[in-house]
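Below, each chain spelled out in residue letters.
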Amino acid sequence: LNIFILLIGASVFGFIIANVSSILDNIDRKGSVAVDKITKITEYLRHKNCPAVIADSIVNHFRQVYSLQATHDGMELLADLPTNIKNKILLIQYRAKLEKIAIFRHVPNKSVCLYLFEMMNPIFYQPGHVIMSEGEKASEILFMVSGEGVHEKASS
């Protein structure tokens, strides 16, 4: 009987260790995939003789994007939930960012806000980068959710 209990205990211990190592392996793999992608991007930009200022901006953009991807990994899990439950979870998750975009405060249907928010793509600019100049025609709508911007009137 004691040997049987020892065998069960050892099996359970082995099962737990295997699961923990699998979880740690997955976490480490996601980080290494992001590093590999950034390395490939850097090599590509160097190969194409991209100016350093532009290359730094591109690499920093992708670093930010890959650091945010952890929040999007859970979207696969939410896909099978009923829409109303999924929307409640997403509203909690995105609340701080949705509150920073003033136009969403005037949209009574929060499902519409979530739909529009999920269609948006994050863009990251380096300090001092000119996003748009006065008189330029806009090709997209930009919402600043973090950082600082300066509006300068063009001299006549």
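This one's a predicted model, so the numbers in the text were calculated from it and none came from an experiment. For every chain, the first residue of the written sequence is number 1, and numbering continues from 1 along that sequence. With the structure being a predicted model, the display of local features is reserved for residues of pLDDT at least 70 and the display and counting of side-chain atom pairs for 80 or more, all residues being used for whole-chain, interface and lining totals. Hydrogens and water are ignored here; the side-chain numbers use all heavy atoms of the structure.

Peer 1: Sorry if this is basic, but what is going on with the overall build of the protein here?
Peer 2: Here a helix means four or more residues in a row that DSSP labels H or I, a strand means two or more in a row labelled E, and each is numbered from the N terminus. Looking only at helices and strands, one finds five helices and zero strands in the protein. Each helix and strand of the protein, ordered N terminal to C terminal, gives the series α-α-α-α-α. Taken over 156 residues, the protein has a buried fraction of 12%. What sets the accessible areas is the Shrake-Rupley method with a 1.4 Å probe; for residues, cover comes only from the shown protein chains. For the protein, the accessible surface area stands at approximately 13000 Å², while carbon and sulfur atoms represent 62% of it. Throughout this description, buried means an accessible area under 20% of the type-specific maximum (1.4 Å probe, protein chains only), exposed means over 50%, and partly exposed covers the range between.

Peer 1: Teacher, can you tell me more about the environment of Lys97 here?
Peer 2: On the secondary structure map, Lys97 appears in helix H4 (residues 83-100). With relative accessibility at 37%, the residue Lys97 sits in the partly exposed group. Residues Lys97 and Val145, spaced 48 residues apart in sequence, show a C-alpha to C-alpha distance of 6.3 Å.

Peer 1: Quick question: what am I supposed to make of a nonpolar patch on the surface here?
Peer 2: Exposure above 30% relative accessible area and the absence of a salt bridge qualify a residue for a patch, where like charges join within 9 Å and nonpolar side chains (Val, Leu, Ile, Met, Phe, Trp, Tyr) within 5 Å. Only one rule defines a salt bridge in this text: a Lys or Arg side-chain nitrogen within 4 Å of an Asp or Glu carboxyl oxygen. Among the surface-exposed residues, Phe4, Ile5, Ile8, Val12, Phe15 and Ile16 lie close enough to one another that they form a single nonpolar patch of about 610 Å² accessible area. Examined against the element boundaries, Phe15 turns out to sit in helix H1 (residues 2-47).

Peer 1: Would you take a moment to explain the packing of aromatic side chains for this structure?
Peer 2: Each pair of aromatic rings taken from Phe, Tyr and Trp, with Trp reduced to its six-membered ring, is defined by centres within 6.5 Å and is described as stacked if the planes are under 30 degrees apart, edge-to-face if over 60, and tilted in the remaining cases. Here the structure, examined in full by the defined rule, presents two aromatic pairs. Measuring from ring centre to ring centre gives 4.6 Å for Tyr94 and Phe117, while their planes differ by 50°; the resulting arrangement is tilted. Separated by 23 residues along the polypeptide, Tyr94 in helix H4 and Phe117 in helix H5 (residues 110-119) bring together distant segments of the chain. As far as burial versus exposure is concerned, Tyr94 and Phe117 are alike and both buried.

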